[in-house]
Each structure stands twice: as C-alpha cells, then as structure tokens.
Amino acid sequence: MRDYFQKTTSAAPLAVFRILFGLMLFGSIVRFWSNGWIADLYVTPHYFFSFYGFEFVKPLGDYTYLLFLICGLSALLVAIGLFYRVAISSLFLSFTYIELIDKSTYLNHYYFTSMVCLLLIFLPAHAYFSVDAYRRRSLLADQIPAWCLDSLKLFVALLYVFAGLAKLNSDWLVHAQPLRIWLPAHNDLPIIGSLFNYPWVPYAFSGFGCVYDLSIPFLLWNSSTRLWAYAAVVIFHGLTALLFPIGMFPYIMMVTALIFFSANFHQILIRQLGAWLAIPYSFLRPQRVYRFQPIMSKLVLGLLAIFFVVQIVFPFRYLLYPGELFWTEQGYRFSWRVMLMEKTGYAQFTVKDNSGHRTIVNNSNFLTPLQEKMMATQPDMLLQYAHILRDYYTQHGFRNPEVYVDSYVALNGRLGKPLVEPTTNLANKQDSFTNKEWITPFHDTIYGF
C-alpha cells in the first residue's frame, strides 16, 4: 500500500480531463442561459422545493443570472487552469447551489458534476498544461501521484457499478420496465424506430443496459478491451441522448470515459494542442513530479477516504426504510438509480378549516408544469406542497387549515393507486429523515437491489 501511494503517473490525463470537463460545463451554462431555462426554472416559479437539511439554499430571483455567470466563468477558468483552486471551489459551490435550489430539477448528472468538482478541489489538475503553471513555473509538473488519477477513475467506476446493481430488479430484467413504455413511443425515429415495435427489443435493451453498467468501468480500465469498451460507451450514451431528454449527461460520460485512456493518448492530445498554441517544448515536458507536502498528503488522502466511504454507503440508506423503494422513494436520490421508473401521477389538494372555509386547489396557480409533474409522484414533495398550501391559506383567512390530497400514481405500467390516504391531514405531518408512515403500502413486490 505504501508503494502504491508513492507511485507517480503522467499528469496529462488529468489535465485533459480538466480542460474538457470545464469546457463542457461552460457550454452547458451557455446552453441553459440561451434557452431561457434560468428564468423558467429558477426565476419565474413562485415556490421551490428545497432538499431536506438544505432549506437555507434560497432562490435568488434575478440574481440567479449572476450565480450562473459565476458558475460559467468558473468553468472556463477551470478549463484553462487559471486561478484553479479558487475557480474549482467556486464552480463546486455555485453549481451545487443551483442544484439545491429546487428538488423538482434533480438529475443524477447534476449530482455527478458536483461530486467531480468536489474531488477536483483536492487534485493537482492545474499542475500541467495550465495558465497557472505557465505563470508560476514552480507549480509545473508532468508527473503526479497515481492515486490522484485513480481516485477519479474509482468514482466513475462506482457510479457505473451502482447504476448496474440498481438494474438488478424484477421490473427492469423480468418485465423490461420502464423501457416497454418508453421505447415504442420512439417508433417514428428514422432507421431504428420500427425496431421499437418488436416486444423483444425492450428486453434486449434492459439486459444490455445492466451488463453495460456492471462491466464498462473494468473494460475501460483494461488496456486490451479499452477501445471496444469506449465504442460501447459512445453507442450506449449516443442512444440515450437520442431517445431520452437527459441533457448533457450522455456527452459528459463520453468525455469522462477518456480518463481511462493511456497517458500516451492524452500526451498526444496535449502535444497537438501545444503545437497549435505555439507552446515551447520545455513547458510540455518539464520532467518534474508534483509532490504534496507530507501533512497535506495525509489530509487529502483522509478526506478522499471519507468521500469514498460516503459514496459506497450512502446508496444503501434505503435499507433503513420499510416499503418498496420505487414507491416511497425514501433513499432513492443521490444513489445512482438512473432511469429505472416510469411514474405518472395526479394530485388534487383540498384545503379546509373548522370555520367552514373549503377550497379545491388549482395547482397551476402555485407551481410550474414541471414542478406539478414531479410533486404528484414523490411523497416528500407532496408533503412540502401541502405545507406551502397550509401557509398560504393561513395568510388568506383560514384558521389552522387542514390539507388533504387525492393522489393517484402509476408505477412502471401498473394500475394507478393512491400514494397517500385521502383522509391524511398533511398539514400536521412533519418532514424528516424518519419513515413517512403516511405513505400507502405498495401491495406488490419488486425483487432485487
């Protein structure tokens, strides 16, 4: 173990990853801004669904544009390696803040991006081929501790393995759900669309998706299978980009998979980029090793150990809760469960009090279409919305209002059923990490992880 932590490797893969990761995030911010999504998702809504424990993260109104500007500039600075430590810290904080503003916009790849930023804070990704290293030659090094690169690879491998384990369930493998619902909806695609009408195709996609997730990090890590594995990465994520509205995630994963390629591959990229920028050879091959100060090395390794323990343990927290995970969603987020459910729902709220006030709520008066769609199928969001209504109607003349919901949810093609008993007064229920006993039983079993 001691020998491993003394081992060094080329800094080129980490430098290339820094550049591509920063540029992709910068492009994502520009895309988000140009499409008007900042206003749609973070300025226009009247109410937001905060994450439990992060209620201090508040929407910023028009200042949200400033937050996105900081995020985009930070991503650009990370890419070129200028003021790197400040830039990557700023990128982590601004991106994560945006992610935490509203639960209804939660995506796994936002969480992935935040965690990669957090990792990069502690890694010397600016030691090679960066403006920082050009301005301060004492920083310049083309060799770094091997564990710096391996920690990124390990995190990517964990993501894939957990995503694969999550597919080892009866809905995915035995019933090919939710792909049996999603794929036929794309039968109008040119060339491949007609295939989605065949019943066996969703089963083939489900099986391939599971095997892919469980094996791809190991195939990428192995030099003899790497090229074929990367071809599979491009095909797999290319198809997901074509079929499903999951934003930049497929492209981020295609870029991230390059981290497994050899040092020579990345050195060629650096050399060609250096020639294009007319950078002197001595800057590209300084033949120096980046060394952490002994105390800093121990501190960073300790923090990385904590990071990975959390990453390994946290996805299993759902075992602490009774009931079916896909139904209750207690412990579902932040556990690399990607595209496992087709959950549709309807929620109609009634607010009343003892003095005779009674109203049936028009959700569109309070929520955006996206927020209403997400709220209708997720128990914790139902509860948050009930509390929004309780507080609103308290301010509008109701005395100790009671809030009830008629909610019907269909999971992976099953018949719809109430998610909450309509006699439950949600105004009196409190959100917490404890079990939400007011969620109705699922009365079915999804076997597996």
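The residue count restarts for each chain, going from 1 along the sequence in the order it is written. Given that the model is predicted, a residue must reach a pLDDT of at least 70 before its local features are reported, and side-chain atom pairs must reach 80 or more before they are shown or counted; all residues, however, enter totals for whole chains, interfaces and linings. The basis for every side-chain value is the complete set of heavy atoms in the structure, and neither hydrogens nor water enter the calculation.

A. Representation of the overall build of the protein chain within the structure. Helix and strand labels come from DSSP, where a helix needs a run of H or I of at least four residues and a strand needs a run of E of at least two; each type is numbered from the N terminus. When helices and strands are counted, the protein chain shows 19 helices and six strands. Whereas a compact globule of 449 residues would reach a radius of gyration of roughly 22 Å, the protein chain reaches 24 Å, a difference of no more than 12%. Principal-axis analysis of the C-alpha atoms places the extent of the protein chain at approximately 80 × 50 × 45 Å. Looking at the 449 residues of the protein chain, the share that counts as buried comes to 53%. All accessible-area figures derive from a Shrake-Rupley calculation using a 1.4 Å probe, and residue coverage is judged against the displayed protein chains alone. Of the roughly 21200 Å² that the protein chain leaves accessible, carbon and sulfur atoms contribute 64%. All tallies of charge rest on Lys and Arg as positive and Asp and Glu as negative; His and the ends of each chain are not included. Charge coordinates come from a single atom per side chain, which is NZ of Lys, CZ of Arg, CG of Asp or CD of Glu. For the protein chain, the distance from the average site of its 32 positive side-chain charges to the average site of its 25 negative ones is 12 Å. Restricting the calculation to C-alpha atoms gives the radius of gyration, and the globule rule supplies 2.2 Å times the number of residues raised to the power 0.38. Note on classification: 1.4 Å probe, protein chains only; a residue is buried when its accessible area is under 20% of the maximum for its type, exposed when over 50%, partly exposed between these limits.

B. Summary view of the UniProt feature "transmembrane region" (unreviewed entry) in the protein chain. UniProt records the feature "transmembrane region" (unreviewed entry) at residues 12-30, 66-98, 110-131, 152-170, 200-220, 227-246 and 299-320, using the numbering of this structure. The span residues 152-170 is 84% helix and 0% strand, and its two end C-alpha atoms sit 32 Å from each other. Counting secondary structure, residues 200-220 comes out at 100% helix and 0% strand; the distance between its end C-alpha atoms is 29 Å. UniProt positions are given in the numbering used here, feature names are shortened, and annotations may be inferred rather than shown by experiment.

C. Expanded view of the nonpolar core. In these notes, a set of buried Ala, Val, Leu, Ile, Met, Phe, Trp, Tyr and Cys residues joined through side-chain atoms within 4.5 Å is what counts as a nonpolar core. Counting 140 residues, the largest nonpolar core has Leu120, Phe349 and Tyr385 as the members making the most contacts within it. The start and end points of each domain follow an automatic or database-based domain assignment. A domain-level breakdown of this core finds at least three residues from each of domain 1 (1-318) and domain 2 (342-420). Contacts are assigned to residue pairs that have any heavy atoms within 4.5 Å of one another. Once residues within four sequence positions are removed from consideration, Leu120 is found in contact with Leu14, Phe17, Phe21, Tyr84, Arg85, Ile88, Ala125 and Leu152.

D. Highlighting the UniProt feature "domain: HTTM-like" (unreviewed entry) in the protein chain. Those residues carrying the UniProt feature "domain: HTTM-like" (unreviewed entry) are residues 6-265 in this numbering. When the span residues 6-265 is considered, its composition is 63% helix and 2% strand, and the gap between its end C-alpha atoms is 23 Å.

E. View of the side chain of Glu99. As for its position among the elements, Glu99 is in helix H5 (residues 84-101). The term salt bridge refers to a pairing of a side-chain nitrogen on Lys or Arg with a carboxyl oxygen on Asp or Glu at a separation within 4 Å. For the buried Glu99, no salt bridge is present, and the opposite-charge side chain at shortest range is Arg333, 9.5 Å distant. Look past the residues within four positions of Glu99 in its chain and what remains in contact with it is Phe51, Thr105, Tyr106, Tyr110, Tyr111, Ser114 and Phe334.

F. Inspection of the sheet that holds strand E3 (residues 343-352) at higher detail. Whether two strands pair depends on DSSP finding at least two bridges between them. With respect to topology, four strands assemble into an open sheet ordered E4-E3-E5-E6, the strand pairing being antiparallel. Since the sheet does not close on itself, it has two edges, and those belong to strand E4 (358-360) and strand E6 (417-418), each with one partner. As paired elements, E3 and E4 share three bridges and run antiparallel to each other. Across the sheet, residue Lys352 finds its bridge partner in E4, namely Arg358. Strands in contact with helix H19 (residues 379-395) are E3, E4 and strand E5 (402-411); relative to E3, the strand with the most contacts, it is inclined by about 25 degrees. Lines fitted to the C-alpha atoms define the axes, with helices restricted to the stretch that makes contact. Angles between their N-to-C directions range from 0 to 180 degrees.

G. Fine view of unusual backbone geometry. Of note, the amide linkage connecting Gln177 to Pro178 takes the cis form, showing an omega dihedral of 10 degrees. Among the secondary structure elements, Pro178 is positioned in the loop between helix H9 (170-173) and helix H10 (179-182). In this structure, Ala278 is a non-glycine residue whose phi angle is positive, near 60 degrees. Secondary-structure assignment places Ala278 in the loop between helix H14 (263-276) and helix H15 (281-284).

H. Expanded view of a nonpolar patch on the surface. Note that patches include only residues with greater than 30% relative accessible area and no salt bridge, and the join distances are 9 Å for like charges and 5 Å for nonpolar side chains (Val, Leu, Ile, Met, Phe, Trp, Tyr). Taken together, the side chains of Trp33, Leu60, Tyr63, Leu66, Leu69, Ile70 and Leu73 make up a nonpolar region of the molecular surface, amounting to roughly 660 Å² of accessible area. Considering every element that reaches the nonpolar patch, the biggest residue donor is helix H4 (residues 64-80), with four residues. Looking at the secondary structure, you find Trp33 in helix H2 (residues 12-34).

I. Expanded view of the pattern of salt bridges. Counting across every chain of the model gives nine salt bridges. For Arg414, the salt bridge is made with Asp444, and the minimal N-O distance between the two is 2.8 Å. Here Asp444 lies in the segment after E6 and Arg414 lies in the loop between E5 and E6, a separation of 30 residues in the sequence. Residue Asp444 is classed as partly exposed on the basis of its relative accessible area, which comes to 39%. Residue Lys429 is joined to Glu437 by a salt bridge in which the shortest nitrogen-to-oxygen separation is 3.7 Å. Overlapping salt bridges bring together Lys103, Arg333 and Asp380 as one network.

J. Just the packing of H4 against H5, in detail. Between H4 and H5, the shortest axis-to-axis distance is 8 Å and the interhelical angle comes to 140 degrees. Between H4 and H5, the interaxial angle falls into the category oblique. Classified by chirality, the crossing of H5 by H4 is left-handed. Along the contact surface, H4 presents Leu67, Phe68, Ile70, Cys71, Ser74, Ala75, Leu77 and Val78, while H5 presents Tyr84, Ala87, Ile88, Ser90, Leu91, Ser94, Phe95, Tyr97 and Ile98. Classification used: nonpolar for Ala, Val, Leu, Ile, Met, Phe, Trp, Tyr, Cys and Pro, charged for Asp, Glu, Lys and Arg, polar for all others including Gly. Among the residues forming the contact of H4 with H5, the class breakdown is 14 nonpolar, three polar and no charged. Roughly parallel here means an angle under 35 degrees, roughly antiparallel means over 145, roughly perpendicular means 65 to 115, and every remaining angle is called oblique. A clockwise turn of the near helix away from the far one marks a right-handed crossing, whereas an anticlockwise turn of less than a right angle marks a left-handed crossing.

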